[in-house]
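Coordinates in review
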Amino acid sequence: QVQLVESGGGLVQAGESLRLSCAASGSISGINSMGWHRQAPGKQRDLVAMRTTGGTTHYDASVRGRFTISRDGAKNTVNLQMNSLKPEDTAVYYCIAIVDGRPYWGQGTQVTVSS
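Everything in this summary refers to the structure shown in the same document. Values in this document were obtained by computation on a predicted structure and should not be read as measured data. (Residues numbered from 1 in each chain as written. Predicted model: local features only at pLDDT ≥ 70, side-chain atom pairs only at ≥ 80, totals over all residues. Heavy atoms only, no water.)

**What about the packing of aromatic side chains?**
Using the following cut-off: Note on aromatic pairs: the rings of Phe, Tyr and Trp (six-membered ring only in Trp) are paired at centre separations within 6.5 Å, and the planes decide the class, stacked below 30 degrees, edge-to-face beyond 60, tilted for the rest. Numbering of helices and strands runs from the N terminus, with a helix taken as a DSSP run of H or I at least four residues long and a strand as a DSSP run of E at least two residues long. Exposed residues in this analysis have more than 50% of their type's maximum accessible area, buried residues have under 20%, and partly exposed residues fall in between, with area computed by a 1.4 Å probe over protein chains only. Whether a charge lies above a ring is judged from NZ of Lys or CZ of Arg, which has to be within 6 Å of the ring centre and within 35 degrees of the ring normal.
The tally for this structure, following the rule as stated, stands at one aromatic pair. For the ring pair Tyr 94 and Trp 105, a centre distance of 6.5 Å and an interplane angle of 90° mean the geometry is edge-to-face. Of the two residues, Tyr 94 is situated in strand E9 (residues 91-99) and Trp 105 in strand E10 (residues 102-105); the sequence distance between them amounts to 11 residues. Its relative accessible area of 13% is what places Tyr 94 among the buried residues. Positioned above the aromatic ring of Tyr 94, the side-chain terminus of Arg 45 is 3.6 Å from the ring centre. Over the aromatic face of Trp 105 sits the side chain of Arg 45, whose NZ or CZ is 4.6 Å from the ring centroid.

**Some words on the environment of Asn 32**
Operational definition: Residue contacts are counted whenever heavy atoms from the two residues lie within 4.5 Å of one another. Polar contacts here mean pairs of N or O atoms no more than 3.5 Å apart (in protein, one a potential hydrogen donor and the other a potential acceptor; neighbouring residues in sequence count only if both atoms are side-chain atoms).
Secondary-structure assignment places Asn 32 in strand E4 (residues 31-39). Classification of Asn 32 as partly exposed rests on a relative accessible area of 36%. Taking the C-alpha atoms as reference, Asn 32 lies 16 Å from Gly 106; in sequence the two are 74 residues apart. Setting aside chain neighbours within four positions, we find Asn 32 in contact with Thr 52, Thr 53, Ile 98, Val 99, Asp 100 and Gly 101. Looking at Asn 32, its side chain comes within polar contact range of the main-chain nitrogen of Gly 101, at 3.0 Å.

So, in structure tokens, the structure goes:
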């Protein structure tokens, strides 16, 4: 089993920054990639950013240039630095880890950006 614990969500104003963190524990020796998805009310859950263990990153076009994903391998954590936040970034952000090809999800952390 893999456990993911997210932290760092909150309420900010447009233009401000937040940093999300996700700590992985359990059977994580086979981690292929880690990252973040988000789900706004009434919408589907969509990819925000992913990072493979090899360092390859992928960002959704809506956040490229504003968000940065990083990983601390020693701590088995993945971070998402979110700058220049917009009201449309408001959503529940979910950490995801792909372990031996299987996805595991965190419980989610709310990010709210006021205009």
